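Here's the letter readout for the chains.
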Amino acid sequence: MKATDLLVQCLENEGVEYIFGIMGKETLDLMDSLSKSKQIQFVNVRHEQGAAFMADVYGRLTNKVGVCLATLGPGATNLLTGIASANLDHSPVVAIAGQAGFERQHQESHQYVDLVKVFEPATKWSVQMKDVQTLSAIIRKAFRVAQMEKPGAVFIELPENLAPQMTSAQPIPITPIPKSTPVSQSLEEARTLLHQSQKPLVIVGNGVIRQKAVKELRTFVEKLQSPVIHSFMAKGILPKDHPLNYFTFGFNKKDAGLPIIEESDLLVVVGYDFVEALPKDWNKKKLPILHIDPLPAEIDEHYPIKGELAGDLTESFKALNQLDITPKTWVPTGNAKEKVMESYQMNLGQQGNQSLTVENILTVIEKLSTERTIVVSDVGAHKVSIARTYQPKQAGRLIISNGLASMGIALPGAIGAKLASPEAPVICITGDGGALMNISEIETAKRLGLSFIIIVLNNSALKLEEQMMKGKFGHTFGTDFGNPDYVKLAEGFGIKGARPTQLNEFEQVLKDALNQTEDITLIEIRHE
């Protein structure tokens, strides 16, 4: 068989369902091979950045590897932002790109860029296929590397001259990634640390969701009986009304959750990714750390390790929960929980206030959401509000990009989310800055017959940057822009558009959109 037929067989062997991308001359053989697959659906997108974002969110929600495809040169470089985002958010993604044949890589050549070098800093592994006999091994390694902790992105370059070559190789069987458990001595040291502490605080990161350790962590929390605080990407691990849930931290030095951290005497840091917020921003007192993570701790002066459990989080907590853990019931002083909830505007209720603030909108979304609802947040001022105010009813159902934190992820991310969970209601929330970056993917979603909700917060400005510039210099510059009529734009794409002006009107529009499963609804919210 030819090399691209084998490549498709290898992708089928890995369980790939969708490939998001745009074809080109250098990927013609691969497209011909894909056309024969009964398992893999090729999703022809409008921009390669959107393809990478779709693969990211699909991978994040399914715990499978999301796959995206581009041709050489500009096609591949268009993938880069989404690939870097997936890598820093630790989503398993494999990107495949065509490349010029070997015969023209030694000189200046049309559309030729050394893509392996371009993608190297933004991936876990970046590789060029040089021999078709290695194709099966490269694909198997790529998927394995993408899924190993910490998950991330892998880039594979397929030169045009290799694509039609013949090979007798076969896909390599999949073997599970082994799980490790901390040794008994480390577990006993952790138990001793917890016993000696008077005010331990559990800091929960996204690794708990990635490792499917939510149930085991909750058991541990119930035994320890100490407060829990979440990173932005870990929301939903504890229910909103759980008495030990002190919500989120991680945006700035005025976060209402930071005094809770400073009052504790031991930080039990579980599955936390430094990419969300460095320890220097939340552990200024250099409080001792009990590090519980699939990987050993990264060295940092503001992350002083006193105990360390490195291993699969589910297995680690199963072992830890078998030990005698002394409850450490304590309540942060000064009505801390109430202050956090007030600061984050978490229990607004409508109370006659019909203004369409982001927090009021989020209160309505939370009210109408279920455990299955997936909310995908774009990046901007609204992301901070979502990370603080909105409380998902299930872990992993709020998608926030907090690593690379790239604008433009929400709309293509909603497509990835809907393909990952076809029966789940999907709501993407974007500012007008991020919306127009990938608005063309509405056509992709419409063509696929998907149904989800797009909420565009329109204030004709980059609001977060405006706020930061005013705070630093007392004025703004370069943050304003114009916008189209989003309702007419929606109609141009053949989808429903609405522009509510009061909160009760927004609630009815959202309710109607959630009750139908046949179309996409775009809701424009205008802000001053």
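Each remark here, short or long, concerns the structure printed above.
Residues numbered from 1 in each chain as written. Predicted model: local features only at pLDDT ≥ 70, side-chain atom pairs only at ≥ 80, totals over all residues. Heavy atoms only, no water.

A. Local environment of a nonpolar patch on the surface. Taken together, the side chains of Leu 88, Val 275 and Leu 404 define a hydrophobic patch exposed on the protein surface, amounting to about 190 Å² of accessible area. Relative to the elements of secondary structure, Leu 88 occurs in helix H4 (residues 74-88). On the basis of relative accessibility, which here comes to 34%, the residue Leu 88 falls in the partly exposed class. (Patch = residues over 30% accessible without salt bridge, like charges linked within 9 Å, V, L, I, M, F, W, Y side chains within 5 Å. Areas by Shrake-Rupley, 256 points an atom, 1.4 Å probe, with all protein chains shown as cover. Salt bridge = Lys/Arg side-chain N within 4 Å of Asp/Glu carboxyl O. Helix = DSSP H or I, 4+ residues; strand = E, 2+ residues; numbered from the N terminus. Buried < 20%, exposed > 50% of the residue type's maximum accessible area, 1.4 Å probe, protein only.)

B. Structural view of unusual backbone geometry. The step from Glu 149 to Lys 150 runs through a cis peptide bond, and the omega angle for that step is -15 degrees. Among the structural elements, Lys 150 can be located in the loop between helix H6 (135-147) and strand E6 (153-159). Positive phi outside glycine occurs at His 90, with the angle close to 60 degrees. Mapped onto the fold, His 90 is located in the loop between H4 and strand E4 (93-99). Using a relative accessible area of 15% as the deciding quantity, one classes His 90 as buried. The phi angle at Ala 405 is positive, at roughly 50 degrees, despite the residue not being glycine. Residue class for Ala 405 comes out partly exposed when judged on its relative accessible area of 27%.

C. Seen up close, the sheet that holds strand E10 (residues 266-270). Ordered in space as E9-E8-E7-E10-E11-E12, the six strands form an open sheet in which the pairing is parallel. With partners counted over all chains shown, the strands left at the sheet margins are strand E9 (245-248) and strand E12 (305-310), one partner each. Averaged over all adjacent pairs, the angle separating strand axes in this sheet is 20 degrees, with direction ignored. Its contacts with the sheet place helix H7 (residues 184-196) against E10, strand E11 (289-293) and E12, and it is angled at close to 135 degrees to E12. Each of strand E7 (200-204), strand E8 (228-230) and E10 touches helix H9 (residues 214-224); the most contacted strand, E7, lies at about 165 degrees to it. (Pairing = 2+ DSSP bridges. Axes fitted to C-alpha atoms, helices over the stretch in contact; angles between N-to-C directions. Contact = heavy atoms within 4.5 Å.)

D. Structural detail: the side chain of Lys 337. You can see Lys 337 is positioned in helix H12 (residues 336-343). The buried charged residue Lys 337 lacks any salt bridge, with Glu 338 as its nearest oppositely charged partner at 7.3 Å. Not counting residues within four places of it along the chain, the set of residues in contact with Lys 337 comprises His 242, Pro 243, Leu 244, Asn 245, Tyr 246 and Phe 247. (Lys, Arg positive; Asp, Glu negative; His and termini not counted.)

E. Expanded view of the packing of helix H3 (residues 48-62) against helix H15 (residues 410-420). With their axes 7 Å apart at the nearest point, H3 and H15 run at an angle of 40 degrees to one another. One element, H3, and the other, H15, form an angle in the oblique class. Note that H3 runs across H15; the crossing there is right-handed. Contacts between H3 and H15 involve Gly 50, Phe 53, Met 54, Val 57, Tyr 58, Leu 61 and Thr 62 from the first element and Pro 412, Gly 413, Ile 415, Gly 416, Ala 417, Leu 419 and Ala 420 from the second. Here the residues of the contact of H3 with H15 are counted per class, giving ten nonpolar, four polar and no charged. (Parallel < 35°, antiparallel > 145°, perpendicular 65-115°, else oblique. Left-handed = near helix turned anticlockwise from the far one by under 90°. Nonpolar A, V, L, I, M, F, W, Y, C, P; charged D, E, K, R; others polar.)

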